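Chain by chain, the residues run as shown.
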Amino acid sequence: MTQQFSWSREGETLSLLGELDQDLLNPLWDARQKAMKGVAYIDLTNVSRVDTAGIALLVHLVAEGKKQGASVSLIGASDNVVTLAQLYNLPEDVLPR
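Residues numbered from 1 in each chain as written. Predicted model: local features only at pLDDT ≥ 70, side-chain atom pairs only at ≥ 80, totals over all residues. Heavy atoms only, no water.

**Q** Explain the packing of aromatic side chains to me, and be specific about the residues and the numbers.
**A** Tallied over the full model, the rule gives 1 aromatic pair. Measuring from centroid to centroid gives 6.1 Å for Phe5 and Trp7, while their planes differ by 35 degrees, and the two rings are tilted. Residue class for Phe5 comes out buried when judged on its relative accessible area of 14%. Given a relative accessible area of 31%, Trp7 falls into the partly exposed group. Stacked on the ring of Trp29, the Lys or Arg Arg32 has its end atom at 3.7 Å from the ring centre. (Phe/Tyr/Trp six-rings, centres within 6.5 Å; stacked < 30°, edge-to-face > 60°. Buried < 20%, exposed > 50% of the residue type's maximum accessible area, 1.4 Å probe, protein only. Lys NZ or Arg CZ within 6 Å of the ring centre and 35° of its normal.)

Structure below.
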């Protein structure tokens, strides 16, 4: 099965779809400033897998949104995302839900 990752924008929501892993994240990393412009929510409902690189990307996306003056929250964060954030002892405001 081929791994896939994509994203789309609708209003203030950036929706992520597929697997957030190190082999698939480069396109969104490269487009993060443009992708986060005006984003208040990152929807993870359709994310099937997250690795540590995916967590790092989410941290950077939230920080980019804050840098642009937005308050960014995660929607639909899986137990895996929450567990990884806890393992890294990330403060709640780094990946706000």
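**Q** Which residues make up helix 4 (residues 79-87), and what values go with them?
**A** Every buried residue belonging to helix 4 is among Val81, Val82, Leu84 and Ala85, and all of these are buried. Buried positions in helix 4, seen along its axis, are confined to an arc of 165 degrees and lie on one side of it. Exposed residues on helix 4 whose side chains face more than 90 degrees from its buried face are Asp79, Gln86 and Leu87. For helix 4, the elements touching its buried residues are strand 3 (41-50) and helix 3 (52-67). With its phi angle positive at about 55 degrees, Asn89 sits one or two positions after the end of helix 4. (Helix = DSSP H or I, 4+ residues; strand = E, 2+ residues; numbered from the N terminus. Arc of directions from axis to C-beta. Contact = heavy atoms within 4.5 Å.)

**Q** For the environment of Asp93, give the residues involved together with the corresponding values.
**A** With respect to the secondary-structure elements, Asp93 resides in the segment after helix 4. It is 8.9 Å that separates the C-alpha atoms of Asp93 and Ser73, two residues lying 20 residues apart in sequence.

**Q** I'd like a description of the sheet that holds strand 4 (residues 73-75), backed by residues and values.
**A** Sheet architecture is open: 4 strands sit in the order 1-2-3-4, paired in mixed fashion. In this open sheet, the two edge strands, each paired with only one partner strand, are strand 1 (5-10) and strand 4. Each strand axis lies, on average, 20 degrees off the axis of its neighbour in the sheet, ignoring direction. Pairing analysis gives 6 bridges linking strand 1 to strand 2 (residues 13-20), with the strands arranged antiparallel. Each bridged residue has a counterpart across the sheet, and for Glu10 the counterpart in strand 2 is Thr13. Relative to strand 3, helix 3 is tilted by about 175 degrees, and along the sheet it contacts strand 2, strand 3 and strand 4. (Pairing = 2+ DSSP bridges. Axes fitted to C-alpha atoms, helices over the stretch in contact; angles between N-to-C directions.)

**Q** I'd love a proper account of the nonpolar core, names of residues and values included.
**A** Residues Leu16, Leu20, Ile42, Leu44, Leu58 and Leu61 are the most contacted members of the largest nonpolar core, which totals 25 residues. Elements with a minimum of two residues in this core: strand 2, strand 3, helix 3 and helix 4. Looking at which element gives the most residues to this core, the answer is helix 3, with 5 residues. Setting aside chain neighbours within four positions, we find Leu20 in contact with Phe5, Leu25, Leu44, Val47, Arg49, Val50, Asp51, Gly54, Leu57 and Leu58. (Core = buried A, V, L, I, M, F, W, Y, C linked by side-chain atoms within 4.5 Å.)

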